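Chains, contacts and geometry: an overview
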Amino acid sequence: MQSNKPSRLAYLNADEIGAYLERHNGHVLGVIGFGRTMPLPAAACAPLWVDIPVLGGQDSSFEVWASEAPVVKCEHQNMCGTGDGEVLFGSLTLEQRAGDTLEQLAAQAYMRIFAFIDHFGYRNLLRVWHYFPYINDDENGLERYRGFNVGRHASFVANGRSIGEESVPAASALGSNSGSLAVYFMAGKQPGKAVENPRQVSAYHYPERFGPSSPIFVRAMSATLGGQYCFFISGTASIVGYETMHQGDAEKQTDETLLNIRTLLQQIPDYDPAQGRMLLKVYVRRIEDLPMVQTKVQAEFGSACKAVYLHSNICRSDLLLEIEGAYFNDAK
Ligand code: 3EB
């Protein structure tokens, strides 16, 4: 018998997603589809689709967040989300119309997210994912990722949210192939615990050389949800201090990225790879680097770790890969 108790997070293939959603009916917080779109069983909210090719032989990959507790649909100002009493999951896409800048879109996205999470009383952003096309392209004299950072920064300030460990989420920001700004997030009734990487300067303290406003994210966030210890690892790349390391060398960038992740995992109390469960999303800029990256990720985390490989641009043009992750331990 398959358990009706869902894992908090699953990465699924096209042939697994339908049965999974039916089996966890009423417990699904959110579904994000990567790659080719396909019909899915109805859930509380429509799935969010992100146009990023899936590598390794699959056309589509699905990220499903779920809860052991029953999930309630939360709708507010045209936004759909789900809550389980501890976490609120939501997503939105914003169309970029002629004359709009990504800066404006990012600010609008965060204004809406803050209104949404405050309305339902889950005021603590834990984890935010951002995807948008042309991430490294210029827009009005500024790289679009840097413009995105200006808008994100402005909305934190406008909402009176301090820019420090107490109110900054874990995050990732990647390039997609089409569409507009797609964002999904989880927020808690209770705050999580921010974790920074001693090898890296906090992103919100990056110098101005990396853009007029710094990125706002912490390197990792831990939270206990449904009695389970959860550790959300932000997009992690080959950055030491605030500088990109090993420009043009994908092997060394992979090693540096894995060392950064290892450094984060060392801060988990009672980290136990044998007992806990690790899931990764690995973004590679160049398809030809995939076999090497796969080999190194498998050597680091073993075959029990579920890793999804995606073909996407990274938010600094000199970064060749980025890895995000989530670690769960029931015993904690
Ligand atoms: C870095 O460490 C790489 O802008 O939300 C990683 C995770 C990165 C999140 C974001 C950016 C973001 O600066 C890029």
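Residues numbered from 1 in each chain as written. Predicted model: local features only at pLDDT ≥ 70, side-chain atom pairs only at ≥ 80, totals over all residues. Heavy atoms only, no water.

**Here we look at the overall build of the chain**
Per the secondary structure count, the chain includes five helices and 20 strands. The C-alpha atoms of the chain give 18 Å as radius of gyration, which agrees with the globular expectation for 332 residues (20 Å, within 12%). Along the three orthogonal principal directions, the C-alpha set of the chain runs to about 55 × 45 × 40 Å. Within the chain, the proportion of its 332 residues that are buried is 57%. Of the roughly 13600 Å² that the chain leaves accessible, carbon and sulfur atoms contribute 48%. (Helix = DSSP H or I, 4+ residues; strand = E, 2+ residues; numbered from the N terminus. Rg over C-alpha atoms; globule rule 2.2 N^0.38 Å. Buried < 20%, exposed > 50% of the residue type's maximum accessible area, 1.4 Å probe, protein only. Areas by Shrake-Rupley, 256 points an atom, 1.4 Å probe, with all protein chains shown as cover.)

**A few points about the packing of aromatic side chains**
A full pass over the atoms with the stated rule returns 21 aromatic pairs. Between Phe89 and Tyr184 the ring centres are 6.1 Å apart and the planes differ by 35°, which places this aromatic pair in the tilted class. A residue pair is termed long-range when its members are at least 10 positions apart, and Phe89 in strand E7 (residues 87-94) and Tyr184 in strand E12 (residues 181-188) qualify at 95 residues. The exposure classification of Phe89 matches that of Tyr184, with both residues buried. Residues Tyr110 and Phe114 carry aromatic rings whose centres are separated by 5.7 Å and whose planes lie at 55° to one another, so their mutual orientation is tilted. (Phe/Tyr/Trp six-rings, centres within 6.5 Å; stacked < 30°, edge-to-face > 60°.)

**A closer look at the UniProt feature "domain: Chorismatase FkbO/Hyg5-like N-terminal" (unreviewed entry) in the chain**
When the UniProt feature table is mapped to this numbering, "domain: Chorismatase FkbO/Hyg5-like N-terminal" (unreviewed entry) covers residues 63-187. Structurally, residues 63-187 comprises 27% helix and 40% strand, and the distance from its first C-alpha atom to its last is 17 Å. (UniProt positions renumbered as here; feature names shortened; annotations may be inferred.)

**Side note on the sheet that holds strand E5 (residues 72-76)**
Read across the sheet, six strands follow the order E5-E6-E7-E12-E8-E11 without closing on themselves; strand pairing throughout is mixed. For this open sheet the edge positions go to E5 and strand E11 (170-176), each flanked by a neighbour on one side alone. Neighbouring strand axes in the sheet, compared pairwise and without regard to direction, differ in orientation by 15° on average. Two strands pair when backbone bridges link them, and E5 and strand E6 (residues 79-83) are joined in this way by five bridges, in the antiparallel orientation. The residue of E6 that forms the bridge with Cys74 is Gly81. (Pairing = 2+ DSSP bridges. Axes fitted to C-alpha atoms, helices over the stretch in contact; angles between N-to-C directions.)

**Some details on the sheet that holds strand E19 (residues 306-311)**
In any sheet, the strands associate via hydrogen bonds between backbone groups, in a parallel or an antiparallel arrangement. Strands sit in the order E13-E14-E15-E20-E18-E19 across an open sheet of six strands; the sheet is mixed. Sheet topology places strand E13 (193-195) and E19 at the edges, where each strand pairs with a single neighbour. With strand direction ignored, the average angle separating the axes of adjacent strands in the sheet is 15°. Here strand E18 (residues 277-284) runs beside E19; their pairing, made up of six bridges, is parallel.

**Structural notes on the nonpolar core**
If you look at soluble globular proteins, the nonpolar side chains tend to sit buried side by side. Core analysis: the biggest nonpolar cluster contains 74 residues, and Trp65, Ile117, Leu125, Tyr131, Tyr184, Phe185 and Phe232 have the highest contact counts within it. Among the elements that make up this core, the one with the highest residue count is helix H2 (residues 102-120) (nine residues). Every residue in contact with Tyr131, bar those within four places of it in the chain, is listed here: Phe34, Val50, Ile52, Leu174, Ser176, Ser180, Leu181, Ala182, Tyr184, Lys281, Tyr283 and Glu324. Residues Leu55, Ile233, Ile261 and Val284 belong to the second largest nonpolar core, which totals 27 residues. (Core = buried A, V, L, I, M, F, W, Y, C linked by side-chain atoms within 4.5 Å. Contact = heavy atoms within 4.5 Å.)

**Side note on the packing of helix H4 (residues 250-265) against helix H5 (residues 290-301)**
Running from amino to carboxyl end, H4 crosses H5 at an angle of 25°, the nearest separation of the two axes being 10 Å. By the angle between their axes, H4 is roughly parallel relative to H5. Viewed along their axes, H4 and H5 form a crossing whose handedness is right-handed. Residues Ala250, Glu251, Thr254, Asp255, Leu258, Ile261, Arg262 and Leu265 of H4 form the contact with H5, whose participating residues are Met292, Val293, Lys296, Val297, Glu300 and Phe301. (Parallel < 35°, antiparallel > 145°, perpendicular 65-115°, else oblique. Left-handed = near helix turned anticlockwise from the far one by under 90°.)

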